[in-house]
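Each chain, written out:
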Amino acid sequence: MMTKLKIPIGPHHPLLKEPISFLLTVEGERVLESSMRLGYVHRGIERLCQERTYVQAVHLIERICGICSHVHSTTYCHAVETLLGLEVPLRAHYIRALLCELERIHSHLLWLGVLAKNIGLDTVFMYTWRDREIVLDIMEDLSGGRVSHAINVIGGVKIDLDHKMMDIIIEKLEELAPKLTIALGLFENEPTVRLRTQSIGVITKEEAARHCVVGPIARASGVDIDVRRDIPRPPYDGLEFNVITHTAGDVWARTLVRIRETRESHRLIQQIVSQLPSGDIVVKAKRRVPPGEVVCRFEAPRGELFYYIRSDGSNQPARIKIRTPTLPALSTLPEQLRDVNLADAPVILSGVDLCIACADR
Amino acid sequence: MDITPDVIKSLFNLLIFPGFTFLLFCSWVFDWLDRKIIARFQGRVGPPWYQPVADFIKLLGKEDVMPTGSQTFVALLLPVISLASVLTAGLYVPVAGYAALSFEGDFIVVLFLLGIPTLAYFLAGWVSVGVYSILGGNRSLLQYFSYEVPFLLALSGPAIMGGSWQIGRIVSVQNTSGWFLFFQPLGFVLALIGLIGKLKRDPLDIPKAKSEILAGPLTEFTGRKLALWHMTINMQTVVGIFLLVNLFLGNAQALHDIFGVLMFTVQVLIIVSLLSTASSLFARLRIDQLAEFGWKILVPLSLVQLAFIILMGV
């Protein structure tokens, strides 16, 4: 008879990059059950937005997340523009999408490094985080910020692309392409990686549907959803890309899906830069938003990002509700962390790619 | 007691060469090399040469605390005992053909002494009450049972070929027959894997897997005790590498032969870089995967190697 131990993981733990707390009940090396505690980075952003004007809220929204900051402000601006009935120039849509795709590459590479680190493959961690710098450099050249770009305003974008910048983007991403191929080959073939990730943290197609899981996790379980394709909107309706799916549903499948998505994002960026339409990048928006409510969805790196905004006709939003893709991923964890090996717990936790700052807001 | 040349020689052996000072120096050099090589593999610059010394001095100056309820005295005793056994083992392992002590059967004594730190490591987990420590201690014992058998089987290959349990004689046999590496390459690889398991290095750092159980049994250790542990493990690395070189790449040239010393240094450095390469190439195994790997693959392979040696004809 082995004694049961309670193992705390978090709020501070080498495995976690953001504060969240798990308490695993362990017997020997087996995890019997787990409990979770959230809210360490709750900042009350939704409420704070309601006390500010629509224009001020853009900057606050951008600080929800440190990885996918741009897609947050894009979704918010798009929602407000819909309420205002603004016709945003096509060029602004393209520039927004360009940053969204750069952010996707950045987020996926970051995640890949974290997973590699958690299975003890520090070399790959160092490599992916080094390669991620290429994308961060592009972002810095483009907007001046590596993480927060402050490029979105209601009615368009603030920063325009010139030909020199376009060449830099294409050139730097060409550097990245062979490195992605190496990473893909490594995760497909390296035996110790497959030992640690295959058939770990399996989410079946039914479970994925039941938990409303979105993004790469859902796609790795065979659920074919992607807001970029499902809601045709400029510029994605004019671009050609594949929605990557896999059927295995384990951490390994999620890894492959994410690496292949990174390559698709690379293709998308090439198309965006070559097809960039000319014209204005911003139109003037009214301060006061007509009454009404709107729901807006965008594809963040981790999946569908959902914004609900209600306006009462003033210059301040009456209600903002944000649902981030991490929420359904969190809800799968109690099931995934039942009756598994303790050594697999880090793989499962990193496999769902939690963004705690997004989830807590 | 009179100070005779014998006493002076013994003291020199114990304290300077191949005893404490030499092993400590080697452990720092190997530690630095290891970190530097891994850093270069990972596209980093790596630490400056004095980093291991600086780390050691820094740890000595740190506060020494243990959690309430832990057995502080035992916790202090454990690294001291392991360090003593590693140092004793170091006296019997020839360095470039020079061993301080030697007798028929010293090989077995060295293997036994090198096993003590593992046991102490396990106990360190138990006396320091933390949950991560206890789990890490359990894992280190489980790991011991997985790698030790193939490790010992692989090491007994050279002993059988050399026809002796004395390391010095195994080395001198290779002077006439050639390196045992050529006769049992499989045994060498198995011994290397066993050494990685023994030293708990990547990718077999299961008892101290950072993303799972922090630092394993040493989680609660701080300050001087932790410094002692690091010193012990680094010296264990040195002695283990010397042992492997002697058994598989033995050359009995005496110390005064510059060529022999150079040869020994090169061989040792090659093994250090092999270990570093292994730690930067592979993902960490799970403890059940290691047990399976050990008993289903390593043990049969080492038996094949042994059968090959015996049948090839001694």
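Not measured: the values here are computed from a predicted model. (Residues numbered from 1 in each chain as written. Chains lettered and ligands numbered in written order. Predicted model: local features only at pLDDT ≥ 70, side-chain atom pairs only at ≥ 80, totals over all residues. Heavy atoms only, no water.)

1. Describing the overall build of chain B
A tally of regular secondary structure across chain B gives 13 helices and zero strands. Counting helices and strands in the order they occur from the N terminus, chain B gives α-α-α-α-α-α-α-α-α-α-α-α-α. In terms of C-alpha radius of gyration, chain B reaches 19 Å, essentially the compact-globule figure of 20 Å for 314 residues. Across its three principal directions, the C-alpha atoms of chain B cover 60 × 55 × 40 Å. Residues classed as buried in chain B amount to 52% of the 314 residues present. Restricting the contact set of chain B to residue pairs at least 6 apart, pairs at least 24 apart contribute 79%. Total accessible area computed for chain B in this model is approximately 13500 Å², and 74% of it derives from carbon and sulfur atoms. Side-chain charges in chain B split into 19 positive and 17 negative, and the spacing between the mean points of these groups amounts to 7 Å. (Helix = DSSP H or I, 4+ residues; strand = E, 2+ residues; numbered from the N terminus. Rg over C-alpha atoms; globule rule 2.2 N^0.38 Å. Buried < 20%, exposed > 50% of the residue type's maximum accessible area, 1.4 Å probe, protein only. Contact = heavy atoms within 4.5 Å. Areas by Shrake-Rupley, 256 points an atom, 1.4 Å probe, with all protein chains shown as cover. Lys, Arg positive; Asp, Glu negative; His and termini not counted. Charge placed at Lys NZ, Arg CZ, Asp CG, Glu CD.)

2. Notes on the overall build of chain A
When helices and strands are counted, chain A shows 14 helices and nine strands. With respect to the principal axes defined by its C-alpha atoms, chain A has extents near 70 × 45 × 35 Å. Evaluated residue by residue, chain A yields a buried proportion of 60% over its 361 residues. Nonlocal contacts in chain A, meaning residues at least 24 apart in sequence, comprise 70% of its contacts between residues at least 6 apart. For chain A, the computed accessible surface area is about 14000 Å², with 53% contributed by carbon and sulfur atoms.

3. Side note on the sheet that holds strand 6 (residues 292–300) of chain A
Residue and element names in this part refer to chain A. As summarised here, the arrangement of the three strands in space is 6-7-8, forming an open sheet in which the pairing is antiparallel. Across the chains shown, the open sheet's two edge strands, defined by having one partner strand only, are strand 6 and strand 8 (317–323). Within this sheet the neighbouring strands show an average axis-to-axis angle of 15°, counted without direction. Pairing analysis gives six bridges linking strand 7 (residues 303–311) to strand 8, with the strands arranged antiparallel. (Pairing = 2+ DSSP bridges. Axes fitted to C-alpha atoms, helices over the stretch in contact; angles between N-to-C directions.)

4. A look at the interface of chain B and chain A
At the interface, 24 residues of chain B touch 30 residues of chain A. Regarding the contact of chain B and chain A, the summed buried area is about 2400 Å², with carbon and sulfur atoms giving 58% of it. Of all residues in chain B, Gln-42, Ser-211 and Arg-286 of chain B bury the most surface against chain A, accounting for 23% of the area lost on that side. Across the contact surface, chain B and chain A share one salt bridge. When the shortest N-O distance is used, the salt bridge between Asp-344 of chain A and Arg-286 of chain B registers 2.9 Å. (Buried area = accessible area lost by both parts, 1.4 Å probe. Salt bridge = Lys/Arg side-chain N within 4 Å of Asp/Glu carboxyl O.)

5. Regarding a negative patch on the surface
Residues and elements named next belong to chain A. On the surface, Asp-162, Asp-167, Glu-171 and Glu-175 cluster together into a patch of negative charge. Here Asp-162 is to be found in the loop between strand 5 (156–157) and helix 6 (163–189). Residue Asp-162 is classed as partly exposed on the basis of its relative accessible area, which comes to 44%. (Patch = residues over 30% accessible without salt bridge, like charges linked within 9 Å, V, L, I, M, F, W, Y side chains within 5 Å.)

6. A short note on a nonpolar patch on the surface
Residue and element names in this part refer to chain B. Together, Leu-11, Phe-12, Leu-14, Leu-15 and Ile-16 line one region of the surface with nonpolar side chains, adding up to about 460 Å² of accessible area. Inspection of the secondary structure puts Ile-16 in the loop between helix 1 (5–15) and helix 2 (20–41). Judged by its relative accessible area of 41%, Ile-16 falls in the partly exposed class.

7. Regarding the nonpolar core
Of all hydrophobic cores here, the largest spans 74 residues; its most connected members are Phe-107, Leu-155, Ile-241, Phe-242, Leu-243 and Leu-244 of chain B. A per-element tally of this core places helix 11 (residues 223–248) of chain B first, with 14 residues. The contact partners of Phe-107 of chain B, leaving out residues within four places of it in the chain, are Leu-155, Ala-159, Trp-165, Ile-167, Ile-170, Leu-243 and Leu-247 of chain B. Within the second largest apolar cluster, 67 residues are counted, among which are Ile-138, Leu-161, Ile-281 and Ile-309 of chain A. (Core = buried A, V, L, I, M, F, W, Y, C linked by side-chain atoms within 4.5 Å.)

8. Digging into the packing of helix 9 (residues 185–199) of chain B against helix 12 (residues 258–281) of chain B
All names here are of chain B. Relative to each other, helix 9 and helix 12 sit at 65°, their axes nearing to 11 Å. The orientation of helix 9 with respect to helix 12, classified from their angle, is roughly perpendicular. When you trace helix 9 past helix 12, the crossing you get is right-handed. From helix 9, Phe-188, Leu-192, Leu-195 and Ile-196 reach across to helix 12, where they touch Ile-271, Leu-274, Leu-275 and Ala-278. Taken together, the residues that form the contact of helix 9 with helix 12 break down as eight nonpolar, no polar and no charged. (Parallel < 35°, antiparallel > 145°, perpendicular 65-115°, else oblique. Left-handed = near helix turned anticlockwise from the far one by under 90°. Nonpolar A, V, L, I, M, F, W, Y, C, P; charged D, E, K, R; others polar.)

9. Comments concerning the packing of helix 2 of chain B against helix 3 (residues 51–61) of chain B
Any two packed helices are characterised by how steeply their axes cross, that is the angle between the axes, and by the distance between the axes. Residue and element names in this part refer to chain B. In contact at an axis separation of 8 Å, helix 2 and helix 3 are set at 115° when each is read in the N-to-C sense. Considering the angle they form, helix 2 stands roughly perpendicular to helix 3. Seen from helix 2, the contacting residues are Trp-28, Asp-31, Trp-32 and Arg-35; seen from helix 3, they are Gln-51, Pro-52, Val-53, Asp-55 and Phe-56. Its residues assigned to classes, the contact of helix 2 with helix 3 comprises five nonpolar, one polar and three charged.

10. Comments concerning unusual backbone geometry
With an omega of 0°, the peptide bond between Pro-234 of chain A and Pro-235 of chain A qualifies as cis. Relative to the helices and strands, Pro-235 of chain A is located in the loop between helix 10 (227–230) and helix 11 (251–275). Note that the residue after Asp-202 of chain B, namely Pro-203 of chain B, is joined by a cis bond; omega there is -5°. Topologically, Pro-203 of chain B is positioned in the loop between helix 9 and helix 10 (210–213). At Ala-150 of chain A, a position not held by glycine, the phi torsion is positive, near 50°. With respect to the secondary-structure elements, Ala-150 of chain A resides in the loop between helix 5 (122–143) and strand 4 (152–153). With a relative accessible area of 28%, Ala-150 of chain A lands in the partly exposed category.

11. Quick word on the pattern of salt bridges
All names here are of chain B. Tallied over the full model, the rule gives 35 salt bridges over all chains. Residue Arg-284 pairs with Asp-205 through a salt bridge whose shortest N-O separation is 3.0 Å. Here Arg-284 is found in the loop between helix 12 and helix 13 (287–313), whereas its partner Asp-205 is found in the loop between helix 9 and helix 10, with 79 residues between them in sequence. Arg-284 gets classed as buried once you look at its relative accessible area, which sits at 4%.

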